[in-house]
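For reference, the chains in residue letters:
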Amino acid sequence: MKSDTQVAIIGAGPAGLLLGRLLRLSGIDNVILEARDRHYVENRLRAGLLEQPTVDLLDAAGTGERLHREGKFHEGFELRFGGRSTRIDMRELTGRAITILYPQTEVVKDLLAARDKTGDPIAFEVSDVTPEDIEGDRPTVRYRDAAGVAHEIRADFIAGCDGFHGVCRPAIPASLTKTFLRDYPFAWFGILADAPPISDELIYAHHIRGFSMHSMRSDKVSRLYLQVAPDDTIENWNDERIWTELQLRMGSEGSPRLNEGPILHKSITPMRSFVTEPLQHGRLFLAGDAAHIVPPTAAKGLNLAVADVSVLSDGLITFYKHGDRSVLDGYSHLALQRIWRAQEFSRAMTELLHHVPGQEFDERLQRARLEGLVASRAAMTTFCENYTGLPFAGRIHH
Ligand code: APR
Ligand code: PHB
């Protein structure tokens, strides 16, 4: 079956859904194609620390209401090392920004609910998605729907929001792209525990045994992470070993021990830094994880996807409203500036807090860096400016 639209969006993660929403608010037709089913998309467990610019754009999209009601405002966080804890007051240091802890799955649910209301097309469980003629004036996307029926959508533009393993990035000729990759000699073991968090704030802990962190999903459920070896497996970690290791690494003078409870979920996440350049070719534009990956330490993945969409939506809306393609043509260049800033900070924060066994000189330097950070108001301010989120480059149109 053949159909037409203005923008064909591939992928219904935060990037694709938010782009579709902002385009709709400016009267631009779009279709979203998603490989997985709706339940899967709405329940994927991911970090959710929203920077202020992300909150502002979700507000502008009219999808921020529940996050203000249910999200938890964070004005500071704790940094632990050497058995001591330092509270870093983000609000006081930056004079503005705070972050909101609101799981990514909830952002996705809000965006899907908004799309349900406007009735814009979205197809789940599609397969064989193939972007074609991206160098021409009227690119197409072929795919099969959930029933196996073949479709062809003709569009003005294709937005590749299909994540790291999607089909859009490989559709740009390899001879025109450059990719940048850094792997890390560790991974994150994450648990969800039926145990009340010990603090309303996040705790990042550096320890000679490895990094650990304390986050939360509700007043009753803790989200905790441990640095492990990249080839470690879930089977190696029974509940007792997990709690013993967390207590050891998070322990600090005068602070309460973590509350322990039944472990509801365990997972291991690899750590990677990745960027592809450029983000556009012809009429195909990449946004979000399709274009870049950051290690999870600073929780920048979702925010970076939203930052891309801020510029890409500005470019598309400016084109449709004023016939001016200059913002769209500048998308890759502008978005990459912020992407690299976030890459730099994500890597620096990862290297500041994780432990690489056998590197004693580096371990001493790391301690010196941590001491230097908490001793200097200027250093902490710079850290917080990056942590709470650099401004977005795109304009809001309505
Ligand atoms: N066709 C259609 N959809 C696809 C295809 C395909 N060939 N391949 C992948 N997808 C879908 C995935 O199923 C997923 O739902 O694209 C979507 C991409 O969504 P995300 O992976 O959530 O990526 P993005 O929207 O860029 O959001 C970035 O996700 O990984 C986290 O930390 C990251 O928070 C960040 C956020
Ligand atoms: C999380 O809650 O999953 C989380 C929060 C902050 C981070 C990383 C992960 O920096």
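Residues numbered from 1 in each chain as written. Chains lettered and ligands numbered in written order. Predicted model: local features only at pLDDT ≥ 70, side-chain atom pairs only at ≥ 80, totals over all residues. Heavy atoms only, no water.

### A short note on the packing of helix α8 (residues 301–322) against helix α10 (residues 331–353)
Logical step 1: The N-to-C vectors of α8 and α10 enclose an angle of 160°; their axes lie 9 Å apart at closest approach. Judged on the interaxial angle alone, α10 and α8 are roughly antiparallel. The way α8 lies across α10 gives a crossing that is right-handed. Residues Asn-303, Leu-304, Ala-307, Asp-308, Val-311 and Leu-312 of α8 lie in contact with α10, whose contacting residues are Tyr-331, Leu-334, Ala-335, Arg-338, Ile-339 and Ala-342.
Logical step 2: Split into classes, the residues belonging to the contact of α8 with α10 amount to nine nonpolar, one polar and two charged. (Axes fitted to C-alpha atoms, helices over the stretch in contact; angles between N-to-C directions. Helix = DSSP H or I, 4+ residues; strand = E, 2+ residues; numbered from the N terminus. Parallel < 35°, antiparallel > 145°, perpendicular 65-115°, else oblique. Left-handed = near helix turned anticlockwise from the far one by under 90°. Contact = heavy atoms within 4.5 Å. Nonpolar A, V, L, I, M, F, W, Y, C, P; charged D, E, K, R; others polar.)

### A look at the side chain of Glu-106
Logical step 1: By secondary structure assignment, the location of Glu-106 is in helix α6 (residues 104–118).
Logical step 2: A distance of 2.8 Å separates a polar atom in the side chain of Glu-106 from a polar atom in the side chain of Arg-66. (Polar contact = N/O pair within 3.5 Å; in protein donor to acceptor, adjacent residues only side chain to side chain.)

### Brief notes about the sheet that holds strand β1 (residues 2–4)
Hydrogen bonds between backbone groups are what pair the strands of a sheet, and the pairing can be parallel or antiparallel.
Logical step 1: Here four strands make up an open sheet; going across it, the order is β1-β12-β11-β10 and the pairing mixed. The outermost strands of the open sheet, each flanked by one partner alone, are β1 and β10 (127–132). When strand polarity is set aside, the average angle formed by the axes of neighbouring strands in this sheet is 20°. (Pairing = 2+ DSSP bridges.)

### Points about the site of ligand 2
Logical step 1: The local shell around ligand 2 holds 13 residues, among which Tyr-204, Ser-215, Arg-217, Tyr-225 and Thr-297 are the closest.
Logical step 2: One of the side-chain N or O atoms of Tyr-204 is found 2.7 Å from an oxygen atom in ligand 2.
Logical step 3: Within the side chain of Ser-215, an N or O atom sits 2.6 Å from an oxygen atom of ligand 2.
Logical step 4: In isolation ligand 2 offers 280 Å² of accessible surface; the protein chains occlude 99% of this area. (Near = heavy atom within 4 Å. Areas by Shrake-Rupley, 256 points an atom, 1.4 Å probe, with all protein chains shown as cover.)

### Here we look at the side chain of Ser-212
Logical step 1: Structurally, Ser-212 is set in strand β16 (residues 212–216).
Logical step 2: Looking at Ser-212, the relative accessible area reads 0%, which means it is buried.
Logical step 3: If near-sequence neighbours (up to four positions away) are discounted, Ser-212 is found in contact with Ile-203, Tyr-204, Ala-205, Tyr-225, Leu-226, Leu-246, Arg-249 and Met-250. (Buried < 20%, exposed > 50% of the residue type's maximum accessible area, 1.4 Å probe, protein only.)

### Some words on the pairing of β16
Logical step 1: Most of β16 is tucked away, with five of its five residues classed as buried.
Logical step 2: Of the two faces of β16, the one holding Ser-212, His-214 and Met-216 and the one holding Met-213 and Ser-215 are both buried throughout.
Logical step 3: As defined by bridge partners, strand β15 (residues 203–205) adjoins β16 across three bridges and the pair is classed as antiparallel. Bridge pairing links Ile-203 to His-214 in β16.
Logical step 4: Hairpin connection between β15 and β16: a loop of six residues separates the two successive antiparallel strands, and Gly-210 in this loop has a positive phi of roughly 125°.
Logical step 5: Where β16 meets strand β17 (residues 222–228), five bridges bridge the pair, whose relative direction is antiparallel. Residue pairing in the sheet places Ser-212 in a bridge with Leu-226 of β17.
Logical step 6: Here β16 folds back onto β17, and the loop between the two strands holds five residues.

### With respect to the site of ligand 1
Logical step 1: Within the structure, ligand 1 sits among 24 residues, and Glu-34, Arg-44, Arg-46, Gln-104 and Asp-289 are positioned closest to it.
Logical step 2: Separating an oxygen atom of ligand 1 from a side-chain N or O atom of Glu-34 is a distance of 2.6 Å.
Logical step 3: Interatomic distance of 2.8 Å between a side-chain N/O atom of Arg-44 and an oxygen atom of ligand 1.
Logical step 4: Isolated, ligand 1 exposes 710 Å² of accessible area, and the fraction of that covered by the protein chains is 86%.
Logical step 5: Within the residue set of the shell around ligand 1, elements represented by two or more residues are α1 (14–25) and α8.
Logical step 6: Taken together, the residues of the shell around ligand 1 sort by class into 11 nonpolar, seven polar and six charged.

### Let's talk about the environment of Thr-382
Logical step 1: Residue placement: Thr-382 occurs in helix α12 (residues 377–388).
Logical step 2: Classification of Thr-382 by relative accessible area gives partly exposed; the value is 43%.
Logical step 3: Spatially, the C-alpha atom of Thr-382 lies 38 Å from that of Phe-157, the residues being 225 residues apart in sequence.

### Topic: the state of the cysteines
Logical step 1: Taken as a whole and judged by the stated rule, the model has zero disulfides.
Logical step 2: In this structure Cys-161 is a free cysteine whose sulfur lies 7.9 Å from that of Cys-168, the closest cysteine sulfur available.
Logical step 3: Its relative accessible area of 0% is what places Cys-168 among the buried residues. (Disulfide = S-S within 2.5 Å.)

### Here we look at α6
Logical step 1: Here α6 contains 15 residues, and its C-alpha end-to-end distance of 22 Å stays within 8% of the 21 Å for a straight helix at 1.5 Å per residue.
Logical step 2: Inspection of α6 places Gln-104, Thr-105, Glu-106, Val-107, Val-108, Asp-110, Leu-111, Leu-112, Ala-114 and Arg-115 among the buried residues, and these make up the whole buried set. (Expected span 1.5 Å × (residues − 1).)

### Describing the sheet that holds strand β8 (residues 99–101)
Logical step 1: Here we have three strands laid out as an open sheet, ordered β4-β8-β5, and antiparallel in their pairing. Bordering the open sheet on either side are β4 (49–50) and β5 (72–74), each of which pairs with just one other strand.

### Details of the nonpolar core
Logical step 1: Leu-18, Leu-19, Leu-50 and Leu-312 are the most contacted members of the largest nonpolar core, which totals 69 residues.
Logical step 2: Ranked by the residues each element gives to this core, the list is headed by α8, at 10 residues.
Logical step 3: Residues contacting Leu-19, with those up to four places away along its chain left out, are Ile-9, Ala-159, Cys-161, Val-309, Leu-312, Ser-313 and Leu-316.
Logical step 4: With 31 residues, the next largest nonpolar core counts Leu-79, Leu-93, Leu-202 and Leu-370 among its residues. (Core = buried A, V, L, I, M, F, W, Y, C linked by side-chain atoms within 4.5 Å.)

Take it as geometry only, folks, not as evidence of what the structure does.
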